[in-house]
Amino acid sequence: MRLPQGILAGARPGRKSAFRVVMAYDDFTAGKRAMDACNFLGFQLGEGVELRSNMWKFDILRHARLHEMAVEDAIEADVIIVANASDAGLPDEVVSWIDAWVPRKRGQTA
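Counting from 1, residues in each chain are numbered in the order their sequence is written. Since the coordinates come from a predicted model, pLDDT governs what is reported: local features require at least 70, and pairs of side-chain atoms require 80 or more to be given and counted, while whole-chain, interface and lining totals use all residues. The side-chain values count all of the structure's non-hydrogen atoms but skip hydrogen atoms and water molecules.

(A) Quick look at the side chain of E93. Looking at the element boundaries, E93 is found in helix α3 (residues 92-101). Given a relative accessible area of 13%, E93 falls into the buried group. Contacts between residues were defined by any pair of non-hydrogen atoms, one from each residue, lying within 4.5 Å. In this structure, E93 is in contact with F58, D59, L61, R62 and H67, ignoring residues within four places of it in sequence. Secondary structure elements are defined from DSSP: runs of H or I of at least 4 residues count as helices, runs of E of at least 2 residues count as strands, and each element is numbered from the N terminus. Note on classification: 1.4 Å probe, protein chains only; a residue is buried when its accessible area is under 20% of the maximum for its type, exposed when over 50%, partly exposed between these limits.

Structure below.
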């Protein structure tokens, strides 16, 4: 898999640019899958890019202050990975989190 051209449009030649990844995950197994995807992304981006990542466990998103911190992280992220262990869909706190950052990301790439 190759990344689309322009994904690092703000990168400066000769300088390590930061690429921000936010991961939300359900349980240990889902968190590991999210980290595997993040590591693969880092490999694809190459050594010239500093990968910065934050992880948010689904149940943490129930707490108002942490929820808002996770929203801010998502707004600033270049990539957002949601890893769910359940086939039953996303829990309400995750849907609420997504609903909080999606409208605020308009005009930004992710």
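(B) Inspection of the pattern of salt bridges at higher detail. In the sections that follow, a salt bridge refers to a side-chain nitrogen of Lys or Arg positioned within 4 Å of a carboxyl oxygen of Asp or Glu. For the structure shown, the criterion picks out 7 salt bridges. A salt bridge links R52 to E50; its shortest N-O distance comes to 3.2 Å. E68 serves as the salt-bridge partner of R104, at 3.5 Å between the closest nitrogen and oxygen. Of the two residues, R104 is situated in the segment after α3 and E68 in helix α2 (residues 64-76); the sequence distance between them amounts to 36 residues. Judged by relative accessible area, E68 falls into the partly exposed class, the value being 30%.

(C) Inspection of the packing of α2 against α3 at higher detail. Every axis corresponds to a line fitted to the C-alpha atoms, with the helix fit spanning only the stretch in contact, and the corresponding angles, defined between N-to-C directions, vary from 0 to 180 degrees. Put simply, α2 and α3 touch, their axes get as near as 9 Å, and they point 50° apart. Judged on the interaxial angle alone, α3 and α2 are oblique. Between α2 and α3 lies a crossing of right-handed hand. The residues of α3 that touch α2, namely those facing H67, A70, V71, A74 and I75, are E93, S96, W97, A100 and W101. Should an angle lie under 35 degrees it is considered roughly parallel, over 145 roughly antiparallel, and from 65 to 115 roughly perpendicular; all remaining angles are considered oblique. With the far helix as reference, a near helix turned anticlockwise by less than a right angle produces a left-handed crossing, and one turned clockwise produces a right-handed crossing.

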